[in-house]
Amino acid sequence: MKPHTEYGRIRTDGSLREIAHHGSEEYPFQFYDEDIWQFDFHCVDWHWHPEVELMFIETGRADFLIGSERHTLSSETGVFINAQVVHRFESTESTRIPNIVFSPALLSQEESLIYQKYIRPVLDSPVKYQIFTFDNPDQKEILDTLLSVFAIQRSEHICEIRTVETLMRLWRMIYESRGNIENAPMQQPSARTQAQLQIMLQYIHKNYPYQISLDDIANTVTLSKSSVLNIFNKNIHTSPVNYLVNYRLKCAAKLLAITEDSVLSIAHETGFENVGYFCRKFKDTFQLTPGEYRKRKKDSAQVLSGRQSKDNKR
């Protein structure tokens, strides 16, 4: 399986669960060789997945957001993200982040002793993420092993058994290291708060073409407006209104790329009553006008089509 290199946006459902399948049922593992700068909004937007993820800042600099926390990560830094943890990466420059996403069931069957004794404790741990640096002698081996996994994926002949063998060593080190930070206080949103956030996000995703207010969003979970603002700010670092506007802009960007509809029509279709305001917000977000964005996407599609045509001729 070759490195996955097609990217541009993270696609999620109403609960922010990533829609993409990582690997296959027979081999639930995927290697991604990505640059945050190439994603829409220059960020790997809020999402979660049932698999675990390990990534490495190869070049550049990134902000890692998880819950109410923000970490600025420089190059040569690694991150372990546990299953079902909502997270986001941002960058202000080209930032290469090779990463792997895989199901722990790849390492051992869920009913096995290995899974119950060594895998389940990590998944159920209050430690939702770990950050690794070469400056820490105890973490150097973890990073070296992670880089070995990447090297296998980048080789001409990828070997699945070598990948799993190296992942087992990597998992053992993560299992052993979790005890060092497991007792540290970590503020995690309650299940109730997470459910409330998901209900409000689902409401926004379903109703974004219409004029909806903060009161409308708050009424979906019977909370005060101040409580709703607090939930959004603490968990995804933005206000409900800003989230709504950004979601509308993403939907508009998709329509610009796949349809010939006018800018005015797309603005109205995605909930913007004033096309001038839509154009200003779009340029502020994408650093391109809607027309320029459409042209760039079409040019990119033509280049990709040309490459595929050449490959087919070979």
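Residues numbered from 1 in each chain as written. Predicted model: local features only at pLDDT ≥ 70, side-chain atom pairs only at ≥ 80, totals over all residues. Heavy atoms only, no water.

**Brief notes about the packing of helix α2 (residues 137-154) against helix α3 (residues 160-177)**
Right, so step 1: One can describe the packing of α2 onto α3 by two numbers: an axis separation of 10 Å at closest approach and a directional angle of 160 degrees. It follows that α2 is roughly antiparallel to α3 by the angle criterion. Handedness of the crossing formed by α2 with α3: left-handed. Only Arg162, Thr163, Thr166, Leu167, Arg169, Leu170, Arg172, Met173 and Ser177 of α3 make contact with α2, whose side of the interface consists of Glu141, Ile142, Thr145, Leu146, Ser148, Val149, Ile152 and Gln153.
Right, so step 2: Looking at the contact of α2 with α3, its residues break down into 7 nonpolar, 6 polar and 4 charged. (Axes fitted to C-alpha atoms, helices over the stretch in contact; angles between N-to-C directions. Helix = DSSP H or I, 4+ residues; strand = E, 2+ residues; numbered from the N terminus. Parallel < 35°, antiparallel > 145°, perpendicular 65-115°, else oblique. Left-handed = near helix turned anticlockwise from the far one by under 90°. Contact = heavy atoms within 4.5 Å. Nonpolar A, V, L, I, M, F, W, Y, C, P; charged D, E, K, R; others polar.)

**Quick word on the sheet that holds strand β3 (residues 52-57)**
Right, so step 1: If you walk across this open sheet you meet the 5 strands as β1-β8-β3-β6-β9, and the pairing is antiparallel. With partners counted over all chains shown, the strands left at the sheet margins are β1 (29-32) and β9 (129-133), one partner each. Adjacent strand axes in the sheet meet at a mean angle of 10 degrees, parallel and antiparallel pairs treated alike.
Right, so step 2: By the bridge criterion, 4 bridges tie β3 to strand β8 (residues 99-102) in an arrangement that is antiparallel. By the bridge assignment, Glu53 is partnered in β8 with Val101. (Pairing = 2+ DSSP bridges.)

**Some details on the sheet that holds strand β2 (residues 43-47)**
Right, so step 1: Here 4 strands make up an open sheet; going across it, the order is β2-β7-β4-β5 and the pairing antiparallel. The open sheet is flanked by β2 and β5 (69-74), the only strands paired with a single partner. Across the sheet, the mean angle from the axis of one strand to that of its neighbour is 20 degrees, orientation sign disregarded.
Right, so step 2: In this sheet, strand β7 (residues 87-90) lies alongside β2 in antiparallel orientation, the contact comprising 3 bridges. Following the sheet pairing, His47 is matched in β7 by His87.

**Regarding the pattern of salt bridges**
Right, so step 1: In this structure the tally under the stated criterion is 14 salt bridges.
Right, so step 2: Here Asp124 ties to Arg120 by a salt bridge, and the two come within 3.8 Å at their closest N and O atoms.
Right, so step 3: Shared partners join several salt bridges into a network, and the residues in it are Asp45, Asp63, Arg70, Arg88, Glu90 and Lys250. (Salt bridge = Lys/Arg side-chain N within 4 Å of Asp/Glu carboxyl O.)

**Regarding the environment of Trp48**
Right, so step 1: Tracing the backbone through its elements, the reader meets Trp48 in the loop between β2 and β3.
Right, so step 2: On the basis of relative accessibility, which here comes to 12%, the residue Trp48 falls in the buried class.
Right, so step 3: With near-sequence residues (within four places) excluded, Trp48 lies in contact with Ser15, Leu16, Arg17, Glu18, Gln84, Val85, Val86 and Gln198. (Buried < 20%, exposed > 50% of the residue type's maximum accessible area, 1.4 Å probe, protein only.)

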